[in-house]
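# Reading the structure
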Amino acid sequence: ANPKERVTSMAHMVVARVSSAPCKASGSRRSAVRAQSKAQQEADLRQTVAIVGAGIAGLASAVSLERQGFQCLVLERSETRREGGTAIALWKNAWRALDYLGVGDELRNGNHPELDSVELCAAEGGILKRFSFDECNGGPHEFRGVFRGELLRALESKLEQTEIRYGVGVERVTTTETGTGGVVLRTEGGEEMRCLAAVGSNGASSGLCGLPPTNYAGYRAIRGVANFEGEMPLPSSTVRQVLGRGMRAGMYPISDREVYWFVCFNGAEGDGPPMERALEAFRSWGHGVREVIEATAVEDMVASSIRDRWQSPLAPVGRGNLTLAGDALHPMTPNLGQGGCCALEDAVVLGRRLGGAAGGEGMAAALRSYEAERLRRTLKLTVRAGVMGSLLQIDNPLVTAARDAVVSRAFDPSSFLDHTSYDCREA
């Protein structure tokens with residue numbers, strides 16, 4: 001080759017070496033960044049509280065823990081935010097929790113009327129008892145119903161640092177007795193995460209702490225929200241319950257044209273009869289029962305078995321840095337309207353207890369204190385709700401006639417709402 005060709009060839013080799021060197025270095029840097037990013041993510045998780053379940057208890061717990069400076073990660077098995085369900089009753093104790101969490105006023109301004117009176121009616125008769133909340137001790141009282149999806153959206157909007165991962169179910173959580181080393185979560189997809197602590201808020205059937213299964217209460221419920229273009233079948237500020245033999249119904253307005261309603265009926269455990277057949281017996285009832293059923297599409301109704309578990313505050317629940325909240329901790333029948341209210345209380349108390357705890361044994365001790373405190377309150381409510389439901393579901397005609405007579409002539413509402421005076425902000 002002539003000198004000019006050799007110079008050109010050497011120049012090409014130099015250019016090739018020079019231009020290939022940065023690419024090789026760039027690839028190394030990308031690998032290092034990925035390794036560092038993964039290591040940083042794992043380090044961040046070790047300082048993170050994992051919350052299993054993005055329902056009311058889960059999102060409220062995340063808001064409460066964020067207020068105390070904790071980083072949270074919410075893992076939800078469903079692919080999207082839970083928009084199902086109907087409405088939830090929120091009594092004064094729940095509104096105190098919602099105010100603490102910063103969403104109370106937002107929900108109050110959502111066209112949800114404040115209700116102030118109760119009507120107790122006989123399925124085959126008239127109104128047995130009508131009373132105002134002002135007649136109940138512990139006032140002033142506050143009661144509104146809101147859509148569950150609306151409540152979840154309000155709570156989620158308050159999360160600034162928390163990540164919510166949908167489509168991630170948790171199979172199990174392991175920890176030590178003292179909580180040293182945090183917790184290890186294994187997802188249903190086989191991934192393992194090591195976190196500071198874990199809160200199981202994945203419903204009454206949660207198996208994360210190995211608690212006994214729930215007990216069937218002997219009756220089922222169907223719930224729905226009726227929509228009325230014109231006049232509603234009850235006063236706009238009234239909660240109404242209709243009592244029958246082994247059957248009952250209830251309703252209250254949740255907006256200027258929507259009425260939440262439920263019916264309960266005795267039956268063996270299982271799937272029960274088709275919804276239309278189960279509702280047929282209620283279509284002849286008065287007091288607005290027939291109207292709300294007919295104003296609701298069957299596909300918009302929700303059927304469920306009523307279950308609870310009487311969990312003693314003396315029995316162990318969690319272990320190490322693992323605990324439970326909401327229905328996972330204290331499943332109760334809906335007869336007092338306190339299931340969701342107590343889940344909100346759980347969140348506030350959990351945040352306040354952990355906010356004052358150090359890592360390791362300090363956190364584990366704080367979680368055991370939280371569990372005992374919450375179960376001291378919720379066991380009484382669970383028992384009271386369970387007994388009330390059993391009495392209201394009696395199907396003996398002589399007993400129900402006596403019940404109606406007592407309600408009509410001797411019922412004193414003064415202690416009807418005493419359980420709603422609890423203030424979780426001071427617990």
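Residues numbered from 1 in each chain as written. Predicted model: local features only at pLDDT ≥ 70, side-chain atom pairs only at ≥ 80, totals over all residues. Heavy atoms only, no water.

## Notes on the sheet that holds strand S9 (residues 183-187)
Strand order in this open sheet of three strands is S8-S9-S10, and the pairing throughout is antiparallel. The strands lining the two open edges of the sheet, one partner per strand, are strand S8 (170-175) and strand S10 (192-195). Adjacent strand axes in the sheet meet at a mean angle of 20 degrees when their direction is disregarded. (Pairing = 2+ DSSP bridges. Helix = DSSP H or I, 4+ residues; strand = E, 2+ residues; numbered from the N terminus. Axes fitted to C-alpha atoms, helices over the stretch in contact; angles between N-to-C directions.)

## Thoughts on the sheet that holds strand S5 (residues 127-132)
To summarise the sheet geometry, strands pair through backbone hydrogen bonds and adopt either a parallel or an antiparallel arrangement. With mixed pairing, seven strands are arranged side by side in an open sheet as S5-S4-S13-S14-S15-S12-S16. In this open sheet, the two edge strands, each paired with only one partner strand, are S5 and strand S16 (302-308). Across the sheet, the mean angle separating the axes of adjacent strands is 20 degrees when strand polarity is ignored. As judged from the seven bridges shared by strand S14 (residues 247-253) and strand S15 (residues 258-266), these two strands associate in the antiparallel manner. Among the inter-strand pairings, methionine 247 is bridged to a residue of S15, identified as phenylalanine 265.

## Some thoughts on the pattern of salt bridges
Per the stated rule, a full pass over the model turns up 30 salt bridges. For arginine 130, the salt bridge identified is with glutamate 119, shortest N-O distance 3.3 Å. Of this pair, arginine 130 sits in strand S5 while glutamate 119 sits in strand S4 (residues 117-122); the two residues are eleven residues apart in sequence, bridging distant segments of the chain. We classify arginine 130 as exposed; its relative accessible area is 53%. A salt bridge links arginine 384 to aspartate 418, with the shortest nitrogen-to-oxygen separation between them at 2.9 Å. Of the two residues, arginine 384 is situated in helix H9 (residues 361-392) and aspartate 418 in the segment after helix H10 (397-409); the sequence distance between them amounts to 34 residues. Residue arginine 384 is classed as partly exposed on the basis of its relative accessible area, which comes to 30%. A residue is classified by how much of its surface remains accessible, and aspartate 418, at 39% relative accessible area, is partly exposed. Each of Asp99, Asp105, Arg108, Glu114, Glu142 and Arg144 takes part in one network of salt bridges that share partners. (Salt bridge = Lys/Arg side-chain N within 4 Å of Asp/Glu carboxyl O. Buried < 20%, exposed > 50% of the residue type's maximum accessible area, 1.4 Å probe, protein only.)

## Quick notes on the packing of helix H2 (residues 56-67) against helix H5 (residues 148-157)
Where H2 meets H5, the axes come as close as 9 Å, and the angle between the chain directions of the two elements is 20 degrees. Taken together, the axis directions place H2 and H5 in an arrangement best described as roughly parallel. As for the relative orientation of H2 and H5, their crossing is left-handed in sense. Residue-level inspection shows Ile56, Leu59, Ala60 and Val63 of H2 in contact with H5, the latter providing Arg148, Leu151, Leu152, Leu155 and Glu156. (Parallel < 35°, antiparallel > 145°, perpendicular 65-115°, else oblique. Left-handed = near helix turned anticlockwise from the far one by under 90°. Contact = heavy atoms within 4.5 Å.)

## Concerning the nonpolar core
Counting residues in hydrophobic clusters, the biggest one holds 94 residues, and the most contacted among them are Val49, Leu185 and Leu344. Per element, the largest residue contribution to this core is eight residues, and it comes from helix H8 (residues 339-355). Leave out the neighbours within four places in its chain, and valine 49 touches Leu65, Phe70, Gln71, Cys72, Leu73, Leu196, Ala197 and Val199. (Core = buried A, V, L, I, M, F, W, Y, C linked by side-chain atoms within 4.5 Å.)

## Thoughts on the side chain of arginine 144
Mapped onto the secondary structure, arginine 144 falls in strand S6 (residues 144-147). On the basis of relative accessibility, which here comes to 10%, the residue arginine 144 falls in the buried class. Engagement of the side chain of arginine 144 in a polar contact is seen with the side chain of glutamate 142, the distance being 2.4 Å. Setting aside anything within four residues of it in sequence, one finds arginine 144 in contact with Ile88, Ala89, Leu90, Trp95, Arg108, His112, Pro113 and Glu114. (Polar contact = N/O pair within 3.5 Å; in protein donor to acceptor, adjacent residues only side chain to side chain.)

## Quick word on a nonpolar patch on the surface
A cluster of nonpolar side chains, contributed by Trp310, Val387 and Leu391, occupies part of the molecular surface with about 310 Å² of accessible area. Along the polypeptide, valine 387 turns up in helix H9. (Patch = residues over 30% accessible without salt bridge, like charges linked within 9 Å, V, L, I, M, F, W, Y side chains within 5 Å. Areas by Shrake-Rupley, 256 points an atom, 1.4 Å probe, with all protein chains shown as cover.)

## Here's the deal with the pairing of S14
Burial analysis of S14 places seven of its seven residues in the buried class, which makes it a mostly covered element. Of the two faces of S14, the one lined by Met247, Ala249, Met251 and Pro253 and the one lined by Arg248, Gly250 and Tyr252 are each fully buried. Of the strand pairs in this sheet, strand S13 (residues 238-243) and S14 are connected by four bridges, and their pairing is antiparallel. Residue glutamine 241 lies in a different strand from S14, and its bridge partner there is glycine 250. Linking S13 to S14, which pair antiparallel, is a turn of three residues; within it glycine 246 sits at a positive phi near 70 degrees.

## Structural notes on the confidence of the model for the chain
Segments scoring low in pLDDT should not have their predicted coordinates read at a detailed level. When pLDDT is averaged along the chain, the result is 90; 89% of the residues meet or exceed 70. Segment residues 1-26 is flagged for pLDDT under 50; beyond a separation of four residues in sequence, or across chains, it makes one contact in the model. Confidence drops under pLDDT 50 across residues 28-36; counting only partners more than four residues distant or on other chains, this segment forms zero contacts. (pLDDT = per-residue confidence, 0-100.)

## Here's the deal with the pairing of strand S11 (residues 197-200)
Successive side chains on a regular strand alternate, one facing one side of the sheet and the next facing the other. Burial along S11 is two-sided: Ala197 and Val199 and Ala198 and Gly200, pointing in opposite directions, are all buried. As paired strands, S11 and strand S17 (residues 322-324) are joined by three bridges and run parallel to one another. Looking at the pairing, valine 199 lines up with threonine 323 of S17.

## Some details on the packing of helix H3 (residues 92-101) against H8
One can describe the packing of H3 onto H8 by two numbers: an axis separation of 8 Å at closest approach and a directional angle of 45 degrees. It follows that H3 is oblique to H8 by the angle criterion. In this structure, H3 meets H8 at a crossing whose hand is left-handed. Residue-level inspection shows Asn93, Ala94, Ala97, Leu98, Tyr100 and Leu101 of H3 in contact with H8, the latter providing Cys341, Leu344, Glu345, Val348 and Arg352. A per-class count over the contact of H3 with H8 returns eight nonpolar, one polar and two charged. (Nonpolar A, V, L, I, M, F, W, Y, C, P; charged D, E, K, R; others polar.)

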